[in-house]
Number of protein chains: 2
Amino acid sequence: MTGNHAEEKAIRGLIDDWYAALGRRDAAGLAAAYADDVAVASLAPPLWGHGRQEYINGMAGWFSTFAGPLKGEPEKLSIVAGDSVAFVNGFSHIIGKKKDGTPMDLHTRLTLCFEKRGGRWLVVAEHASVPFDMQSFKPLIALKE
Amino acid sequence: MTGNHAEEKAIRGLIDDWYAALGRRDAAGLAAAYADDVAVASLAPPLWGHGRQEYINGMAGWFSTFAGPLKGEPEKLSIVAGDSVAFVNGFSHIIGKKKDGTPMDLHTRLTLCFEKRGGRWLVVAEHASVPFDMQSFKPLIALKE
């Protein structure tokens, strides 16, 4: 560990802001600390999406499939920060109800990559995923660890 | 970009070593620059695997399902390095033939997180994944981007 606690705390604050924006279904708010050229790997294709605006559009579309509020929290985050480069690994837990009534209780593994640009920490890559079962070839969205 | 070219070059060398070990189906070689406590998110469960030895055992088991050599290369890597913290994002392309004759031509998105410990860059997290199709609920292992 680098032990750069002030920077780790700043990054933890940005992550808490992200989950607060999720609760409000505020797609632009999610991207408040995202670089314009952020690369995003999510549960849906493509392998990597590119850019802050594409991310906002994708998340706004996803939010529109839910009835009512979403609730989420990060779990077991490991935050490693240097002076200008940092990353976070852990779990993301998101709960909601789809418009068709289907409940969603999703655990993903989450990696966030940060660069400090102009004195400000920005997310330059977000990688969220689930593994899949090698026999049934189904994605495993209900695993907890 | 941090523009720390010497460190970026060192990290690129470690990644090239990884793909060379893959070609030899050398599981311990893959983990030569992996921290003892590395966290690994791969295509198979669990969400996060923990530790270098678990990684070696898993990769050795995977290698044993192939007939003949594997070939792989990283594609479109973005390497960002500070003095003690670094990360890499891009694609991993791996080709092989399973023992039952099935050809495998796999593209994943890849994130690697590095810390410099004792003067040496070590992988502390590897996150490789594919997205899945939201209608068919099938993992998309053949996407190229």
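Note that the coordinates shown come from a computational prediction; the quantities given were computed from them, not determined experimentally. (Residues numbered from 1 in each chain as written. Chains lettered and ligands numbered in written order. Predicted model: local features only at pLDDT ≥ 70, side-chain atom pairs only at ≥ 80, totals over all residues. Heavy atoms only, no water.)

K.L.:
Help me understand the overall build of chain A, please; the structure alone is not making it clear to me.
P.N.:
Assigned secondary structure in chain A consists of 3 helices and 6 strands. Ordered by position from the N terminus, the helices and strands of chain A form the series α-α-β-β-α-β-β-β-β. For 145 residues, the compact-globule estimate of 2.2 N^0.38 gives 15 Å, and chain A sits close to it at 15 Å. Viewed in the frame of its principal axes, chain A has a C-alpha envelope of about 45 × 35 × 25 Å. For chain A, with 145 residues in total, the buried portion stands at 50%. Pairs at least 24 apart in sequence give 55% of the contacts found in chain A among residues at least 6 apart. (Helix = DSSP H or I, 4+ residues; strand = E, 2+ residues; numbered from the N terminus. Rg over C-alpha atoms; globule rule 2.2 N^0.38 Å. Buried < 20%, exposed > 50% of the residue type's maximum accessible area, 1.4 Å probe, protein only. Contact = heavy atoms within 4.5 Å.)

K.L.:
Looking at this structure, I do not really get the environment of Ser42(B). What am I missing?
P.N.:
Its location among the elements puts Ser42(B) in the loop between strand 1 (34–41) and strand 2 (49–50). For Ser42(B), a relative accessible area of 28% gives the class partly exposed. Along the primary structure Ser42(B) and Phe66(B) are separated by 24 residues, whereas in three dimensions their C-alpha atoms are 18 Å apart. Filtering out sequence-adjacent residues up to four positions away, Ser42(B) remains in contact with Arg109(A), Pro131(A) and Ala128(B).

K.L.:
Is there a simple way to think about helix 1 (residues 5–23) of chain A in this case?
P.N.:
Side chains that are three or four residues apart share a direction in an α-helix, a result of its 3.6 residues per turn. Residue and element names in this part refer to chain A. For helix 1, spanning 19 residues, the distance from its first C-alpha to its last is 27 Å, which sits close to the expected 27 Å at 1.5 Å a residue. Burial in helix 1 covers these residues: Glu7, Glu8, Ile11, Ile15, Trp18, Tyr19, Ala21 and Leu22. Summarising the axial view, the buried residues of helix 1 lie within an arc of 160°, below the 170-degree limit, and thus occupy one face. Of the exposed residues in helix 1, those oriented more than 90 degrees away from the buried face are His5, Ala6 and Lys9. Immediately beyond the C-terminal end of helix 1, within one or two residues, lies arginine 25, with a positive phi of roughly 55°. (Expected span 1.5 Å × (residues − 1). Arc of directions from axis to C-beta.)

K.L.:
I would appreciate a short explanation of the packing of aromatic side chains in the present structure.
P.N.:
Both the distance between ring centres and the angle between the ring planes are used here to describe each pair of aromatic rings. Following the criterion strictly, the structure yields 10 aromatic pairs over all chains and no others. Between Tyr34(B) and Tyr55(B) the ring centres are 4.7 Å apart and the planes differ by 15°, which places this aromatic pair in the stacked class. Pair noted here: Tyr34(B) is in strand 1 and Tyr55(B) is in helix 3 (residues 52–63), with a separation of 21 residues, a long-range link. Measuring from ring centre to ring centre gives 4.9 Å for Trp62(B) and Phe66(B), while their planes differ by 80°; the resulting arrangement is edge-to-face. The rings of Trp62(A), Phe63(A) and Phe66(A) are connected pair by pair, giving a single aromatic cluster. If you follow Lys98(A) out to its NZ or CZ, it ends over the ring of Phe66(A), 4.3 Å from the centre. (Phe/Tyr/Trp six-rings, centres within 6.5 Å; stacked < 30°, edge-to-face > 60°. Lys NZ or Arg CZ within 6 Å of the ring centre and 35° of its normal.)

K.L.:
Before we go on, may I ask you to explain the UniProt feature "domain: SnoaL-like" (unreviewed entry) in chain A in this structure?
P.N.:
Taken from the UniProt record, the annotation "domain: SnoaL-like" (unreviewed entry) applies to residues 11–132 of chain A. When the span residues 11–132 of chain A is considered, its composition is 24% helix and 48% strand, and the gap between its end C-alpha atoms is 30 Å. (UniProt positions renumbered as here; feature names shortened; annotations may be inferred.)

K.L.:
Please clarify how the side chain of Glu126(B) should be interpreted in this entry.
P.N.:
Note on placement: Glu126(B) falls in strand 6 (residues 120–129). An unpaired buried charge is present at Glu126(B): no salt bridge exists, and Arg109(A), the closest side chain of opposite charge, is 9.2 Å distant. Apart from the residues within four sequence positions on either side, Glu126(B) is in contact with Trp18(B), Tyr34(B), Ala39(B), Val40(B), Ala41(B), Trp48(B), Tyr55(B), Leu110(B), Thr111(B) and Leu112(B). (Lys, Arg positive; Asp, Glu negative; His and termini not counted. Salt bridge = Lys/Arg side-chain N within 4 Å of Asp/Glu carboxyl O.)

K.L.:
Is there a simple way to explain the sheet that holds strand 5 (residues 103–117) of chain B in this structure?
P.N.:
Note: strands within a sheet are paired through backbone hydrogen bonds, in either parallel or antiparallel orientation. Residue and element names in this part refer to chain B. Read from one edge to the other, the open sheet built from 6 strands follows the order 2-1-6-5-4-3, with strand pairing classed as mixed. What marks the edges here is a single partner per strand, and that holds for strand 2 and strand 3 (71–81). In this structure, strand 1 lies alongside strand 2, joined through 2 bridges in antiparallel fashion. From the neighbouring strand, valine 40 faces strand 2, where its bridge partner is glycine 49. Relative to the sheet, helix 1 (residues 5–23) contacts strand 1, strand 3, strand 4 (85–97), strand 5 and strand 6, its axis offset from that of strand 3 by approximately 160°. Sitting on the sheet, helix 3 touches strand 1, strand 2, strand 4, strand 5 and strand 6, and the angle it makes with strand 1 is about 55°. (Pairing = 2+ DSSP bridges. Axes fitted to C-alpha atoms, helices over the stretch in contact; angles between N-to-C directions.)

K.L.:
Would you take a moment to explain unusual backbone geometry for this structure?
P.N.:
The bulk of non-glycine residues show a negative phi, and the bulk of peptide bonds are trans. Residues and elements named next belong to chain A. Of the consecutive residues proline 45 and proline 46, the connecting peptide bond is found in the cis state with omega at 5°. With respect to the helices and strands, the residue proline 46 is situated in the loop between strand 1 (34–41) and strand 2 (49–50). At phenylalanine 137, a residue that is not glycine, the phi angle is positive and equals roughly 60°. Tracing the chain through its elements places phenylalanine 137 in the segment after strand 6 (120–129). Judged by relative accessible area, phenylalanine 137 falls into the partly exposed class, the value being 28%.

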